[in-house]
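# Geometric and topological summary
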Amino acid sequence: MAVNSTLRPAMRLAESTLREMYWFMLLSRRLDERAWAIHRQGRIAFHISAIGQEATQVAAAFAINRGVDYVAPYYRDLALMLALGMPPEDFMLSLFGKHDISSGGRQMPFHWSYKNLNVISGSAVVTTQVPQAAGLAFAIQYRQRCGMVDPADATQPRLALTCLGEGSTSQGEWHEGMNWAGVHKLPMICLVQNNMYAISEKTDQQMAVANVADRASAYGVPGVVVDGNDVLAVYDAMAAAVERAYNGDGATLLEAKMYRITPHSSDDDDRTYRSREEVEQWKARDAIPRFKQYLIGEGILSQADADAYDARARAEVDRAQQVADSAPMPAPEEALGDLYAPSDAD
Amino acid sequence: MPEITLIEALRQAMDEELARDPRVFIVGEDVGQRGGVFRATQGLYEKYGETRLIDSPLAELSIMAVGIGAAMADLRPICEIQFADFIYPAFNQIVNEGSRMYYRSNGAWCVPMVIRVPYGGGIGGGLYHSQSIEAYFSHVPGLKIVVPSTPHDAKGLLKSAVRDPNPVMVLEPKKGYRAITGEIPDGEYTVPIGPARIAREGRDISVFAYGMMAYYAAQAAETVAQEGIDAEVVDLRTLLPLDKDAIVNSVKKTGKALIVHEDTLTMGYGAEVAAVIANDGFEYLDGPVRRLTGPDVPGVPFSHGMQDFFMPNPDTIAAAIRDLMGY
Ligand SMILES: Cc1ncc(C[n+]2csc(CCOP(=O)(O)OP(=O)(O)O)c2C)c(N)n1
Ligand SMILES: [Mg+2]
């Protein structure tokens, strides 16, 4: 079937791709819920949740060249990581402090690092990844300018995507990273996941403007606000940003509005700063049933398909947990490894 | 062998590395057309162009972070911090990010970057153009730190730093940029990161120093030689990781240790050298381990007399040698 290029980007997605996007949203949600459950059982020490942010993250992953374009994520990016190709069991291994790919059990969970997927390692210090993403994007531009790569070569990274929360945009690192991206017209996308809270602090305690995206003009880049619970709308906005980056037109600041459904982390008690009514109101706008209804309504997904996805997600989460359960703990002496890269690592 | 200045040696190292590897680029404030405020990159912009000599925004943390990101993308950045005193805005990126990357990613991500930092006093720079910063950064596992005190080492260590797969900080004693001259070999060579250098062999007392103080210590050693004191000067040259064997071997020979740095005393780099000697060289000592350093005040003062009072120099080093020899 010929693709109609006048359609908005999301409308050009194949039905199988739309179902796949739904699958990753669902898988992320089920893994996340399992993490909360095993935390309540006292089996893991810590969880920080992506619930409420899956639509944005999956849309972002599907809009870039997955596994090839650079990604500098933040801790809440579980659905993004799954959609990029993180094995679910690797997340479970990290929850248990076992030998995960990201850090071999050295880092807390949610500090993603997948060299094979061009996902760079992050720290717990918010926003440090943003100016680093400018560095990744700079390297892309440098290679193209020096003739080391063909700008059209889709086997090479052609943009750097970085994510963070709205509270984290108050950091100076954010300004410096955005400024670099603007000055050098870098192929970078800064995706702000505005979930209305930074632990307990509300957006108006972080900034004097209504939207993070309002600051974009200070960096000479477009600032776009999108409904983060509308997976197709996020996809459209991301696709435009990707096209800009690939065409050498520079960076984009994209702000997806959403709501952090859970407490900040397993160590937080959100009843100390927000009402249950507010949380319930936002739960009613959950992106996952919304997308499911859309797909069913369009005849892209049947109720039977949806039930099968539910069963498959449950099985996949069970399997991932099983793998992690039976894996050995790292040897204590592994704490001493990887101080310096050996010279032949070059 | 030609005789050149320390800064010319650094410039040659960068020129050769830019020519050798197209992944090498230089980024910092005024490093392009201006050739750097100290002229370390003079002529390189004309030769390699704006793609490889990047005048950064006036923002140190992003110089560092962009370097880290580019290094992870397999380029070879040489990041210049204009003065050591201005490195603190980048502290987070160096300490929490670049230096921890290899460990925290279980050996998956390397950060092959160079951080060039002019440091040190005695140039009329006052509190904020004179600082020594080695104590802060030598407490950071995962980072390497070198401090050349000769043109030979400046060129050879900087070239090694560019080729190292880890973040390497090159502390450049800026008072010595033009004051220190010396011979370098014709053609290609490197100096390995790690081993200290015996700048002068001696039997009576060991003087441990680096940067400008290694240069001064060698002068002081010649002065006391005329009085019959045979001082050994050990130029540490790599502060991280530290060459403990060189320190202990020297003390084993002389039995006396004087550590000299211009940074302030308390928790300064000399404390670690003293601890190494106390732990591994105790039985060889026949005197206390002494430190000659800048005083514990918040900075090198601007006014000449106060500045000179702050800085150790060949005379005060010679006096400290005599004093310890008299113990
Ligand atoms: C530099 C720094 N300061 C404080 C913290 C502690 N902290 C972790 S997450 C967080 C809130 C972040 O909020 P936001 O950026 O909106 O992201 P969200 O968690 O809401 O997704 C804080 C204060 C930190 N990790 N890093
Ligand atoms: Mg938030």
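The coordinates are above.
What you see is a predicted model, and the numbers here were worked out from it, not measured in a lab. (Residues numbered from 1 in each chain as written. Chains lettered and ligands numbered in written order. Predicted model: local features only at pLDDT ≥ 70, side-chain atom pairs only at ≥ 80, totals over all residues. Heavy atoms only, no water.)

## Observations regarding the sheet that holds strand β2 (residues 24–28) of chain B
Residue and element names in this part refer to chain B. Pairing in this open sheet of seven strands is mixed, and the strands run β3-β2-β4-β5-β7-β6-β12 from one edge to the other. Each of the sheet's edge strands pairs with one partner strand only, and the pair in question is β3 (53–55) and β12 (238–240). Between one strand axis and the next, the sheet turns by 20° as a mean value, whatever way the strands run. Pairing of strand β4 (residues 76–80) with strand β5 (residues 114–119), which is carried by three bridges, proceeds in the parallel orientation. For C79, the partnering residue across the bridge sits in β5 and is I115. In this fold helix α7 (residues 151–163) packs onto β2, β4, β5, β6 (144–146) and β7 (168–173), with an angle of close to 145° to the strand it touches most, β5. (Pairing = 2+ DSSP bridges. Helix = DSSP H or I, 4+ residues; strand = E, 2+ residues; numbered from the N terminus. Axes fitted to C-alpha atoms, helices over the stretch in contact; angles between N-to-C directions. Contact = heavy atoms within 4.5 Å.)

## Some thoughts on unusual backbone geometry
Residue and element names in this part refer to chain B. For the bond running from L240 to P241, omega is 0°, close enough to zero to count as cis. Along the polypeptide, P241 turns up in the loop between β12 and α10 (244–254). Non-glycine residue R39 carries a positive phi angle of around 75°. Inspection of the secondary structure puts R39 in the loop between β2 and α2 (44–48). Taking relative accessible area as the criterion, R39 reaches 31% and is therefore assigned partly exposed. At R237, a residue that is not glycine, the phi angle is positive and equals roughly 55°. Tracing the sequence through the fold places R237 in the loop between β11 (231–235) and β12. Take R237: its relative accessible area is 10%, and that puts it in the buried class. (Buried < 20%, exposed > 50% of the residue type's maximum accessible area, 1.4 Å probe, protein only.)

## Section: the packing of aromatic side chains
The final tally for this structure, using the stated rule, is 25 aromatic pairs over all chains. With 5.7 Å between their ring centres and 85° between their planes, Y210 of chain B and Y269 of chain B make a pair best called edge-to-face. Taken together, the residues span a long stretch of sequence, with Y210 of chain B in the loop between β10 (205–209) and α9 (212–225) and Y269 of chain B in helix α11 (residues 269–280) at a distance of 59 residues. You can call Y210 of chain B buried: its relative accessible area is 4%. Classification of Y269 of chain B as buried rests on a relative accessible area of 5%. In textbook terms, an aromatic cluster arises when at least three aromatic residues are bridged by ring pairs, as seen for Y22, W23, F291, Y294 and Y309 of chain A. Positioned above the aromatic ring of F62 of chain A is the side chain of R66 of chain A, whose terminal nitrogen or guanidinium carbon lies 3.8 Å from the ring centre. In this structure, R312 of chain A is placed above the aromatic ring of W23 of chain A, and the distance from its NZ or CZ to the ring centre is 3.7 Å. (Phe/Tyr/Trp six-rings, centres within 6.5 Å; stacked < 30°, edge-to-face > 60°. Lys NZ or Arg CZ within 6 Å of the ring centre and 35° of its normal.)

## Observations concerning the site of ligand 1
Residues and elements named next belong to chain A. Around ligand 1 there are 16 residues in total, and Y74, Y75, R76, S168 and Y197 lie nearest to it. Between ligand 1 and Y74, the relevant distance is 2.7 Å, taken from an oxygen atom to a side-chain nitrogen or oxygen of the residue. Separating an oxygen atom of ligand 1 from a backbone N or O atom of Y197 is a distance of 2.6 Å. Summarising the interface, the protein chains cover 72% of the accessible area of ligand 1, which totals 580 Å² for the free molecule. Looking at side-chain class alone, the shell around ligand 1 contains eight nonpolar, six polar and two charged residues. (Near = heavy atom within 4 Å. Polar contact = N/O pair within 3.5 Å; in protein donor to acceptor, adjacent residues only side chain to side chain. Areas by Shrake-Rupley, 256 points an atom, 1.4 Å probe, with all protein chains shown as cover. Nonpolar A, V, L, I, M, F, W, Y, C, P; charged D, E, K, R; others polar.)

## Examining the environment of L6 of chain B
All names here are of chain B. Inspection of the secondary structure assignment puts L6 in helix α1 (residues 6–20). A sequence separation of 169 residues divides L6 from K175, and the C-alpha atoms of the two residues are 10.0 Å apart. Other than its neighbours up to four places away in sequence, L6 contacts P148, S149, T150, P151, A154, P173, G176, Y177 and I180.

## Section: the coordination of the magnesium ion (ligand 2)
All names here are of chain A. On the protein side, the magnesium ion (ligand 2) has E166 (OE), E166 (OE), N195 (OD1) and Y197 (O) as donor atoms, found 2.0 to 2.7 Å from it. In this structure, the magnesium ion (ligand 2) is coordinated by six donor atoms arranged in irregular fashion, with angles at the metal of 51 to 177°. Positions of the donor residues of the magnesium ion (ligand 2), expressed as sequence spacing, correspond to E-x28-N-x1-Y. In this pair, E166 is assigned in the loop between β2 (160–165) and α6 (172–183) and Y197 in strand β4 (residues 197–198), connecting sequence segments 31 residues apart. By the burial criterion, E166 is buried, and Y197 matches it. (Donors = N, O, S within 2.8 Å, 3.2 Å for Na, K, Ca; no water. Tetrahedral: all angles 85-135°; square planar, octahedral: opposite > 155°, others 65-115°.)

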